[in-house]
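Coordinates in review
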Amino acid sequence: MNYRDMKRWAVILSMSALAPLVGAAEITVSAASSLTNAFTDIGKEFEKAKGHKVLFNFGASGSLLQQISRGAPVDVFATADLETMDRAEKQNAIVKDSRRNFVSNMLVVATPVRGPLVLGALADLTRADVQRIAMGIPESVSAGRYTKAVLEGAKLWEPLQPKMIFAQNVRQCLDYVARGEVDAGFVYATDTALVAGKVRTAFEVHTQMPIVYPIAAVKGSGQENLARAFIDFVRSDGSRRILAKYGFLEP
């Protein structure tokens, strides 16, 4: 093989190596904090299957919607409640026909594993030995909104106010419990499973509304087709197995 042929083959091989990257793009997904572990795994699988990079922004659902409303560059939005996604739809922030419900969850009261407290019902939170209770800020955290509604229904919202420690998102609430900085905290069942050695579920909390997670493409992002592809991937059998592994339930 002469020098010209060798050079031609070198160019062909280099182009072949770069071929999988042709058309690759980045997609930004803003998702509720409780989805962090599951979506991180799903994102890796999406990158391997589709060749597109996934960038995640996890936080409280309400805070993420505020960011989108202010022009944050987001392609996909996933919330831990229907109400926040309803607000996004009313603000014309999402592509309406792309919206899908994909999982559900349970609200629980968690306590530190090493703590002495044994709690079995909401009324137990009024006991004198329960001094600090963590919950998400109701105005921006979905879990906090569910918690407030439950406590108001049980006529415990006002009596428990002096004990409340408000968290920026449900994962911060979980951290407070895991570190023993509070006596109890309202988190999701999926969260307690992540730190089973530090936190235990005291009891399940029956919410007035089911805890359903919707996902949708953000309007005007310029990558609607890629956003829809990610949404479809989240709802695929492989992704559903990942979500189930982390304790999420069918919607």
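Residues numbered from 1 in each chain as written. Predicted model: local features only at pLDDT ≥ 70, side-chain atom pairs only at ≥ 80, totals over all residues. Heavy atoms only, no water.

A closer look at the overall build of the chain
Helix and strand counts for the chain come out as 10 helices and 10 strands. Projected onto its principal axes, the C-alpha coordinates of the chain cover approximately 90 × 40 × 30 Å. Taking all 251 residues of the chain together, the buried fraction comes to 46%. Look at the contacts in the chain between residues 6 or more apart in sequence, and 77% of them connect residues 24 or more apart. Summed over all atoms, the accessible surface of the chain reaches about 12,600 Å², with 53% contributed by carbon and sulfur. (Helix = DSSP H or I, 4+ residues; strand = E, 2+ residues; numbered from the N terminus. Buried < 20%, exposed > 50% of the residue type's maximum accessible area, 1.4 Å probe, protein only. Contact = heavy atoms within 4.5 Å. Areas by Shrake-Rupley, 256 points an atom, 1.4 Å probe, with all protein chains shown as cover.)

Quick notes on the sheet that holds strand β4 (residues 100–105)
If you trace the 5 strands from one edge of the open sheet to the other, you get β2-β1-β3-β10-β4, paired in mixed fashion. Edge positions in the sheet fall to β2 (53–59) and β4, since each of these pairs with one other strand and no more. Each adjacent strand pair in this sheet contributes to an overall mean axis angle of 20°, direction not counted. Two elements, strand β1 (residues 26–32) and β2, share 7 bridges in a ladder whose sense is parallel. Across the sheet, residue S30 finds its bridge partner in β2, namely N57. (Pairing = 2+ DSSP bridges. Axes fitted to C-alpha atoms, helices over the stretch in contact; angles between N-to-C directions.)

Here's the deal with the environment of A60
If you trace the backbone, A60 turns up in the loop between β2 and α3 (61–69). According to the relative accessible area criterion, A60 is buried, its value standing at 5%. Along the backbone, A60 and T147 are 87 residues apart, and their C-alpha atoms lie at a distance of 14 Å. Once residues within four sequence positions are removed from consideration, A60 is found in contact with S33, S140, V141, Q168 and N169.

So, the packing of aromatic side chains
The tally for this structure, following the rule as stated, stands at 10 aromatic pairs. Between F46 and F230 the ring centres are 5.3 Å apart and the planes differ by 75°, which places this aromatic pair in the edge-to-face class. Remark: F230 occurs in helix α9 (residues 224–234) and F46 occurs in helix α2 (residues 36–50); sequence separation between them is 184 residues. (Phe/Tyr/Trp six-rings, centres within 6.5 Å; stacked < 30°, edge-to-face > 60°.)

Things to note about the confidence of the model for the chain
Across the chain, the average pLDDT comes to 91, with 91% of residues at or above 70. For residues 3–22, every residue scores under 50 in pLDDT, and the model assigns this stretch 2 contacts once sequence neighbours within four places are set aside. (pLDDT = per-residue confidence, 0-100.)

A look at the pattern of salt bridges
Considering all chains together, one arrives at 15 salt bridges under this definition. The salt bridge partner of K245 is D41, with a shortest N-O separation of 3.4 Å. Here K245, found in helix α10 (residues 237–245), pairs with D41, found in helix α2; they are 204 residues apart in sequence, far enough to count as distant. What makes K245 exposed here is its relative accessible area of 58%. Two residues, R127 and D129, come together in a salt bridge whose shortest N-O distance is 3.0 Å. Owing to a relative accessible area of 39%, D129 belongs among the partly exposed residues under this scheme. Salt bridges sharing partners connect three or more residues here, namely D86, E89, K96 and R99. (Salt bridge = Lys/Arg side-chain N within 4 Å of Asp/Glu carboxyl O.)

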